[in-house]
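Residue strings, one per chain:
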Amino acid sequence: MDREEILEKSRLENQRRDEMERDALAKAGQRACAVGGIVCAVVIVLEAIFADAFNMSVWAVYLSMTGTMLLMKYIRLRKRHELIFGAAQLILAAAFLVMYIIRLVG
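Residues numbered from 1 in each chain as written. Predicted model: local features only at pLDDT ≥ 70, side-chain atom pairs only at ≥ 80, totals over all residues. Heavy atoms only, no water.

Asks: Honestly, the overall build of the protein chain in this entry has me stumped. Any pointers?
Replies: When its secondary structure is counted, the protein chain shows three helices and zero strands. In sequence order, the protein chain lays out its α and β elements as α-α-α. Compactness check: the protein chain gives a C-alpha radius of gyration of 21 Å against a globular reference of 13 Å for 106 residues, more than 25% above the reference. Taking the principal axes of its C-alpha atoms as reference, the protein chain extends roughly 75 × 30 × 25 Å. (Helix = DSSP H or I, 4+ residues; strand = E, 2+ residues; numbered from the N terminus. Rg over C-alpha atoms; globule rule 2.2 N^0.38 Å.)

Asks: Explain the packing of helix H2 (residues 56-77) against helix H3 (residues 80-105) here, please?
Replies: The relative placement of two packed helices comes down to the angle between their axes together with the axis-to-axis distance. Two elements in contact, H2 and H3, have axes whose closest approach is 7 Å; the angle formed by their N-to-C orientations is 155°. As the angle between them shows, H2 and H3 are arranged roughly antiparallel. For the pair H2 and H3, the crossing hand works out as left-handed. Grouping the amino acids of the contact of H2 with H3 by side-chain chemistry returns 17 nonpolar, seven polar and four charged. (Axes fitted to C-alpha atoms, helices over the stretch in contact; angles between N-to-C directions. Parallel < 35°, antiparallel > 145°, perpendicular 65-115°, else oblique. Left-handed = near helix turned anticlockwise from the far one by under 90°. Nonpolar A, V, L, I, M, F, W, Y, C, P; charged D, E, K, R; others polar.)

Asks: Sorry if this is basic, but what is going on with the state of the cysteines here?
Replies: Disulfide: a covalent bond formed between the sulfur atoms of two cysteine residues. By the definition in use, this model includes zero disulfides. You can see Cys 33 has no disulfide; the closest cysteine sulfur is in Cys 40, sitting 9.1 Å from it. (Disulfide = S-S within 2.5 Å.)

Asks: What am I meant to see in H2 here?
Replies: For the α-helix, the turn length of 3.6 residues means that residues three or four positions removed from each other point alike. Along its 22 residues, H2 runs 31 Å from first to last C-alpha, staying within 8% of the 32 Å computed at 1.5 Å per residue. For H2, every residue scored as buried is listed here: Met 56, Ser 57, Val 58, Ala 60, Tyr 62, Leu 63, Thr 66, Gly 67, Leu 70 and Tyr 74. Arg 78, located one to two residues past H2, shows a positive phi value of around 60°. (Expected span 1.5 Å × (residues − 1). Buried < 20%, exposed > 50% of the residue type's maximum accessible area, 1.4 Å probe, protein only.)

Asks: Could you clarify how one ought to interpret a nonpolar patch on the surface in this entry?
Replies: A cluster of nonpolar side chains, namely Ile 38, Val 42, Val 45, Leu 46, Ile 49 and Phe 50, defines an oily patch on the protein surface of about 630 Å² accessible area. Mapped onto the secondary structure, Phe 50 falls in helix H1 (residues 3-50). For Phe 50, a relative accessible area of 70% corresponds to the exposed category. (Patch = residues over 30% accessible without salt bridge, like charges linked within 9 Å, V, L, I, M, F, W, Y side chains within 5 Å. Areas by Shrake-Rupley, 256 points an atom, 1.4 Å probe, with all protein chains shown as cover. Salt bridge = Lys/Arg side-chain N within 4 Å of Asp/Glu carboxyl O.)

Asks: Could you clarify how one ought to interpret the pattern of salt bridges in this entry?
Replies: For side chains bearing opposite charge, pairing can occur when the charged atoms are close. Within the structure shown, the criterion is met by two salt bridges. Measuring nitrogen to oxygen at the nearest pair gives 3.5 Å for the salt bridge that ties Asp 23 to Lys 27. With Asp 23 and Lys 27 both in helix H1, this residue pair falls four residues apart, about one helical turn. Judged by relative accessible area, which is 40%, Asp 23 ranks as partly exposed. Taking the shortest distance from any N to any O, the salt bridge between Lys 73 and Glu 82 comes out at 3.4 Å. Note on Glu 82: relative accessible area 7%, which makes it buried.

Put into structure tokens, the structure is as follows:
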């Protein structure tokens, strides 16, 4: 094996590792978002049952996370539905945040 073959083999091996790492991070992010959504739903339901309240801050945080994730997917993949749903979620997050602030101040 000459030097160029060794370098090419090394590049290919490192490239694969990076791809595997990116895939693992993407799947971890998706799972984390799903678990976060479940935890948010549990918090909201528990507050509705025991405190007779609707927690808008939890919705603002969760929707801002998922909306940002969808917009980043749109930037990388250029899928229009990612843009539409991401923008809609960020708009809803902003609305929930405004309502939360109004409730705090008022």
